[in-house]
Amino acid sequence: MQTLWGIDLGGTKIEGVIMPMDSDVPLHRMRIDTESFNGYDHIVSRIGLLIDQMEQASGIQRPSRIGVGTPGAEEPSTGLMKNCNTTCLNGQPLPGDIRKVLGIEVKLANDANCFALAEATLGAAKGASNVFGVIMGTGVGGGIVIDGKALNGLQGIGGEWGHNELIPDGEPCYCGKRGCVELVLSGTGLQKFYLGKSGQQKTLKEIVRDTETDIHAKATMDRLIHYFGKAISVVINILDPEVIVLGGGVGNVQALYTEGVKSAEKFVFNTKMRTKIVPPQLGDSAGVFGAAMLVR
Ligand SMILES: [Zn+2]
């Protein structure tokens, strides 16, 4: 039987899935700890261990090629990892080392691309040929899927709208630039803005809950809606996607699907915006499903 194997490499857990070619119901799923505190070589061996265990537990022979989702990206010109928040991966030839250790080919993509690919093939944007998947969580990332394929790009930064400049001369960002989309639209950014306004610490959930009763919460949400429209319109004007899927904690803010859409409409270069902006459907499974879809 031909199967699709995906591995989602996270900072604390490594998850694996075996998918059939013709259905979206997994044949097998397994999870082990990454133990990233033991360093890079150990992480590679843990991936090997997970594949061994999946093979044993499922009775399905490993394929010649697997998909791997990572917290950062592979620099296409060198095969070395970059932008990983599991920092011991940075500068390491992860795809090459998996090939060496496991003897199988690897197709690698960052977690935002895996999220977008999963939602575009199995989830909220199933059937659409031009999809933008957004993760707005502690950071802001994105992935482009065209005709069922994730677009990595020349430099491995395809879809990375999170570090477009949104507020000229805004706050400094870790990336070295200022006023990035991520600083404004991430959960972290929203909580920080609220704190600056009110002098009080509230979680994103509490800010959303208190929108009607707390003027600072209202100001935080109004700012989110305004800048979300402004930032996403740049993506829409360039990619003109059929569907945009909003993942991550900020994707749970319901107002984005009503007022957020209206705000985007104001900035898009067209009299009517037909791009659908929708919540995701696959939940926590998107990362690992997307990794498997890389080898479809
Ligand atoms: Zn930045």
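Here the structure is a predicted model, which means the values were calculated and not measured. (Residues numbered from 1 in each chain as written. Predicted model: local features only at pLDDT ≥ 70, side-chain atom pairs only at ≥ 80, totals over all residues. Heavy atoms only, no water.)

A. Here's a closer look at helix H1 (residues 40–58). Helix length check: H1, at 19 residues, gives a terminal C-alpha distance of 27 Å against a target of 27 Å (1.5 Å per residue), a fit within 8%. Those residues of H1 that fall on the buried side of the exposure criterion are Tyr-40, Ile-43, Val-44, Arg-46, Ile-47, Gly-48, Leu-50, Ile-51 and Met-54. Elements that come into contact with the buried residues of H1 comprise strand E1 (3–9), strand E2 (13–20), strand E3 (28–33), strand E4 (65–70) and helix H2 (94–102). Just beyond H1, the residue with positive phi is Gly-59, at close to 70 degrees. (Helix = DSSP H or I, 4+ residues; strand = E, 2+ residues; numbered from the N terminus. Expected span 1.5 Å × (residues − 1). Buried < 20%, exposed > 50% of the residue type's maximum accessible area, 1.4 Å probe, protein only. Contact = heavy atoms within 4.5 Å.)

B. Focus on the packing of H1 against H2. Here H1 crosses H2 at 50 degrees, and the two axes come no closer than 10 Å. In terms of their interaxial angle, H1 and H2 are classed as oblique. H2 is crossed by H1, and the crossing has right-handed handedness. Residues Tyr-40, Val-44, Ile-47, Gly-48 and Ile-51 of H1 pack against Leu-94, Asp-97, Ile-98, Val-101 and Leu-102 of H2. Here the contact of H1 with H2 is composed, by residue class, of eight nonpolar, one polar and one charged. (Axes fitted to C-alpha atoms, helices over the stretch in contact; angles between N-to-C directions. Parallel < 35°, antiparallel > 145°, perpendicular 65-115°, else oblique. Left-handed = near helix turned anticlockwise from the far one by under 90°. Nonpolar A, V, L, I, M, F, W, Y, C, P; charged D, E, K, R; others polar.)

C. Seen up close, the nonpolar core. Ranked by internal contacts, the top residues of the largest apolar core, which has 37 residues, are Phe-132, Met-136, Trp-161, Leu-185, Ile-232, Leu-246 and Leu-256. Of all the elements in the fold, those that place two or more residues in this core are strand E8 (130–136), strand E9 (140–146), helix H4 (181–185), helix H5 (187–198), helix H6 (204–209), helix H7 (215–239), strand E11 (243–247) and helix H8 (259–267). For this core, the leading source of residues is H7, giving 11 residues. Apart from residues no more than four positions distant in its own chain, Met-136 is found in contact with Trp-161, Leu-185, Phe-228, Leu-246, Gly-247, Gly-248, Gly-249, Val-250, Gly-251 and Leu-256. Leu-117, Val-145, Ala-286 and Val-288 belong to the second largest nonpolar core, which has 27 residues in total. (Core = buried A, V, L, I, M, F, W, Y, C linked by side-chain atoms within 4.5 Å.)

D. Region of the structure containing the sheet that holds strand E10 (residues 149–150). Spatially, the five strands line up as an open sheet ordered E10-E9-E8-E11-E12, and their pairing is mixed. One side of each edge strand has no neighbouring strand; the edge strands of this open sheet are E10 and strand E12 (276–278). Taken together, the seven bridges between E8 and E9 define a ladder with antiparallel strand orientation. Along E9, the bridge assignment pairs Val-131 with Val-145. Its contacts with the sheet place H7 against E8, E9, E11 and E12, and it is angled at close to 155 degrees to E8. (Pairing = 2+ DSSP bridges.)

E. Spotlight on the environment of Ile-60. Here Ile-60 shows up in the loop between H1 and E4. A sequence separation of 15 residues divides Ile-60 from Ser-45, and the C-alpha atoms of the two residues are 20 Å apart. With residues up to four places along the chain from it excluded, the contact list for Ile-60 reads Met-1, Thr-3, Trp-5, Ile-18, Leu-27 and Glu-55.

F. Representation of the packing of aromatic side chains in the model. Inspection of the entire model under this criterion finds one aromatic pair. Relative to Trp-161, the ring of Phe-132 has its centre 6.0 Å away and its plane inclined at 85 degrees; by these criteria the two rings are edge-to-face. With Phe-132 in strand E8 and Trp-161 in the loop between E10 and H4, the pair connects residues that are 29 residues apart, well separated along the chain. For the pair Phe-132 and Trp-161, one class covers both residues: buried. (Phe/Tyr/Trp six-rings, centres within 6.5 Å; stacked < 30°, edge-to-face > 60°.)

G. Local environment of the environment of Gln-53. Secondary-structure assignment places Gln-53 in helix H1. Through-space distance from the C-alpha of Gln-53 to that of Gly-16 is 9.9 Å; in sequence the pair is 37 residues apart.

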